[in-house]
Structures are given as structure tokens and as C-alpha cells.
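# Descriptive structure summary
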Amino acid sequence: MINRAVRMNYHTNLLELEEHMYPLVDVQTPNVFHNLFPYTEVPKIAFNDRIVPHHMPDDIWITDTTFRDGQQSRAPYSTEQIVTIFDYLHKLGGPNGRIRQSEFFLYSKKDRDAVYKCLERGYKFPEVTSWIRASKKDFELVKDIGLKETGILVSCSDYHIFYKMKMTRKQAMEHYLSVIRECLETGISPRCHLEDITRADIYGYVIPFCLELNKLMEEYSIPIKVRCCDTMGYGVNYPGAVIPRSIPGIIYGILTHAGIPSELIEFHGHNDFYKAVSNSTTAWLYGASGVNCSLFGIGERTGNTPLEAMVFEYAQIKGSLDGMDTRVITELAEYYEKEIGYKVPSTTPFVGSAFNVTRAGIHADGLLKNEEIYNIFDTDKFLGRPPQVAVSNTSGLAGIAHWINNHYRLSGEKQVQKNSELVQMVKAWVDTQYEEGRVTVLTDEELISVIEESCARLNITL
């Protein structure tokens, strides 16, 4: 019997005993974890209280799938729209490339034209990458365009291997590895999209597969990335939850037992159970350098992890935006609404028209006294969106005063107070509206009209 090696982990500065190797478990019948995913019941979150350590990488970043997964759920973008959005992503990511890559389809002429135009920009970040079918013809297409990396679908759950591909685990692994080898032969770096990883046998299939990827990396001296795809949004971030639903457990296993380094691990989440953002942040905390996102979360079914959310998650974790220009997020939202025709839901964090709008009168009173009381941070500084107060029958004098000061950009001594004659006149008009049966909030146009009329009567200007 050979003793396992003892090695220093320079991330934790602790000696560790080398783990056992994990061979492929080639089952005859699929293990689809019906104990956790009973199709006729709500999925179950089980716990075994096996806690894995945080392993935050030295460097973390965002990658973008707006033009790939994001396009699978909406009308295709035009070439011009793709290039414009790509320019915005470059500006948003800043000089340090916090938005590291953006992936593209290559199948249509429109997509290829967009890729060429984006490459012509000459940006270091985001790097242009692709997503292709696992075929020699597609590899040659990637090479002809001049891309250094491409995504390849390698579905890893028994749901996909047995039911969709009609293979055994051994057959699927051999097929994937042959395809990846073909990609490496062309000199292109593969990015393996481990589809449906949160329903896969992590130690019976995923870890053994990643160990084989390590062998190929050593043979070809070309990096191979591993993208952990929570395709159905089943992942959870709760400490002690069992795999395959545990995001900490999955990342820990790939990092520690398969030996894939953090810079080659990426997480791709879906929002079916409202966990895309928390799971993406958790992936960072437990060892993945990359999180894959789409603008405004636009993606298949309930969507992907919103890119703008992870910008602010990054800042909260790292204590710095590291050069990211967050005001571009507002510019992007305006571009989507005005040029693309996509309506962002009004209450969407950071980008919705009402995300920092206060409606309750008592809240408006607090906002008027000190906006820090009811605003998440300086939204004017970071998003070009000062806090707003919607005027209705619950806004009160404070809400109306705040609306006037905010809309007319009044500061210092020029600000109107809630007990001023102007505010009281507007309040009387508002009260009349609701006494006569109105149930909706007042529009900006209506308020501007009554304010101008009241100013004329009072012989004042704002």
C-alpha cells in the first residue's frame, strides 16, 4: 500500500493529506436522485451537515452570456445592437477587466458579423469567446475567426446522459473527451459546460471527468475551463446541504478533489428558485474565479444571474468596484428600453424605474430629512439615479416637497420645505384628486403642471 502524499496548501497555509482518486462509477441504470427531485412534488433540500471551507480566490471576475444564453429567450439582437452592448460592457467592466469575457454564437452570418466587429474594437476586455456544437467543423470555424477559447456542451447528469444522449456514463465520458481532444488539436482552449450539474453524480461522474481533463491539460499544455451549470436552478448555498444541490460542495469537490484551479472554474446559474445571485456569490466564496451572467438576467425560462447584480456583489465582497463604471448600468437600461424595446420591470433592483422610489408618506418624510434612511446607497453617485418619491394620497407634505426638490434639482437654501405655501397648495390639489375617486399615483406631467400653476399664483420661481 502506498502512503498518500502530504502537501502544503498555500491558500490555507496548512498541510493536507492527498485525497483518494475518484474513478468513474459506470452505473447500469441512471441515478436521477428522485429522493431529492420527486417530479410530482416540490424538490427537497436535504442536509448532512458536512461543512466545506471558504476558499475565496485571489482574483474574481464576471463573464457575460448576453449574446448566447441571453439570446435564447428573446428575439435575436441585430449586429449593431450587439456591438453597442459590447461597447457598454467594455466601459462597465473598466480598465481592470472585471467583465472578463463575452460569449457569442457563430452559426448565423449576423452573429459572425457581430463577432468580427467586436474583435475590430481591439478591446482586451471583454475577451470574445464562442459557444459551439461539439464538432470538428465548428472547431475550424472558431479557429478561422481567430478565437482562443470556445465553450463546449458536456451534459453531466444522468437525466441528460441516459435520457437525452442515450448513452452510459462511460460512453458519454469517452465521447466528450474525444471531442475535447479534437478541440485541443486545433490549438483552441475548451470551456467545458457541465450542464445540469446540480442533478449529477458529483463524485461518481463529475470529479472523475474533471480528473481526465487535468490529464489532457498536462498533455497539451492548454488550459481547460470548467463551467458549473446550474441549468435548472436547483443549487442552494446553505451550509451543510447535500450534493448535488450544494454549490459550496460542488465547487469544493472540483477545486480540491479534482484539482482544477480557481481561475479555471466558473459558475453559471439560473433563477428558477430565485437563487441565481446568491448561488453565484457563493461560488466565488468557495473557490470559483468566474461567474457567468447576462444583462438584466435575460435568459432561458426564469433567466440567468443578472450581470448588474454581480457588479454590486463584487463591490460588497471586495470593498471596491476596482474601476467598474456603474453609471453605465443606467445607460444600458435606457438603451434596452429606447432602442431595443425591452421593458425592464419597474421594481427590478438597480435598473427598474421605481427601484429607489418611495411611495409611503412616512418613508418620504424620512427621505426628506436624510436620504440615507431610505436609500440603499448613493444611487445618484453610482447609477445617476437620485432617490425619488412617487406622489399619491399617502405621500404627505414631505413626499411632495421631496419630489419638487428632486425634480427641479433644488439644493441648499433653494429647497422647498414641507410647510411652505407652495407644497401646501400642491397637497390640497392632490387631496382633491383622491377625494374624487382617483386610485393611481400621479404622473410627472400632472405634477409639473400643477406646480407651475401654483408658482404663477404665488409669483415665485423654482
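Under an unreviewed UniProt entry, the name given to the protein chain is 2-isopropylmalate synthase, and the source organism is Blautia celeris.

## What to know about the packing of aromatic side chains
Going through the model one piece at a time under the given rule, you end up with 22 aromatic pairs. A centroid spacing of 6.4 Å and a plane angle of 75° characterise the contact between Tyr159 and Tyr163, whose relative ring orientation is edge-to-face. In this pair, Tyr159 and Tyr163 both sit in helix H4 (residues 158-164), four residues apart, roughly one turn of the helix. By relative accessible area, Tyr159 is classed as buried at 15%. Judged by its relative accessible area of 46%, Tyr163 is partly exposed. An aromatic cluster is defined as three or more aromatic residues linked by ring pairs; in this entry it consists of Phe67, Tyr77, Phe86, Phe104, Tyr123, Phe296, Tyr336 and Tyr342. Looking at Arg74, its charged tip hangs above the ring of Tyr77, at a distance of 4.3 Å from the centre.

## Some points on unusual backbone geometry
Residue Pro126 is reached from Phe125 by a cis peptide bond, and omega for that bond is -5°. Along the chain, Pro126 turns up in the loop between helix H2 (109-120) and strand S5 (127-132). For the bond running from Ile243 to Pro244, omega is 15°, close enough to zero to count as cis. On the secondary structure map, Pro244 appears in the loop between strand S8 (225-230) and helix H7 (247-257). The phi angle at Asp49 is positive, at roughly 60°, despite the residue not being glycine. The residue Asp49 is located in the loop between strand S2 (14-17) and strand S3 (61-64) in this model. The residue Tyr274 is not glycine, and still its phi comes out positive at about 65°. Position of Tyr274 among the secondary structure elements: in the loop between strand S9 (265-269) and helix H8 (276-285). By relative accessible area, which is 76% here, Tyr274 ends up exposed.

## Focus on the side chain of His193
Tracing the sequence through the fold places His193 in strand S7 (residues 189-194). A distance of 3.0 Å separates the side chain of His193 from the side chain of Arg191, its partner in a polar contact. Not counting chain neighbours up to four residues away, the residues in contact with His193 comprise Arg68, Glu103, Trp131, Gly151, Ile152, Leu153, Val154, Ser155, Arg227 and Cys229.

## Comments concerning the pairing of S8
For S8, the tally of buried residues reaches six of six residues, placing the bulk of the element in the interior. Once the chain exits S7 it traverses helix H6 (residues 202-220) before rejoining the sheet at S8, and the crossover so formed is right-handed. Where S8 lies against S9, five bridges are found, and the strand directions are parallel. Bridging across to S9, Arg227 finds its partner in Glu266. What joins S8 to S9 is H7, and the crossover it makes is right-handed.

## So, the environment of Asp59
Within the secondary structure, Asp59 sits in the loop between S2 and S3. By relative accessible area, Asp59 is classed as partly exposed at 31%. C-alpha of Asp59 to C-alpha of Trp284: the two residues are 225 residues apart in sequence and 9.5 Å apart in space. Leaving out residues up to four positions away in the same chain, Asp59 has contacts with Arg98, Arg100 and Ser289.

## Thoughts on the environment of Val52
Position of Val52 relative to the elements: it lies in the loop between S2 and S3. A residue is classified by how much of its surface remains accessible, and Val52, at 18% relative accessible area, is buried. In the structure, Val52 is positioned 198 residues away from Ile250 in sequence and 10.0 Å away in space, judged by C-alpha atoms. Val52 has contacts with Pro248, Gly249, Tyr252 and Tyr286, leaving out every residue within four places of it along the chain.

Rules of the game
Residues numbered from 1 in each chain as written. Predicted model: local features only at pLDDT ≥ 70, side-chain atom pairs only at ≥ 80, totals over all residues. Heavy atoms only, no water. Phe/Tyr/Trp six-rings, centres within 6.5 Å; stacked < 30°, edge-to-face > 60°. Helix = DSSP H or I, 4+ residues; strand = E, 2+ residues; numbered from the N terminus. Buried < 20%, exposed > 50% of the residue type's maximum accessible area, 1.4 Å probe, protein only. Lys NZ or Arg CZ within 6 Å of the ring centre and 35° of its normal. Polar contact = N/O pair within 3.5 Å; in protein donor to acceptor, adjacent residues only side chain to side chain. Contact = heavy atoms within 4.5 Å. Right-handed = clockwise from strand over helix to strand, strands pointing away. Pairing = 2+ DSSP bridges.

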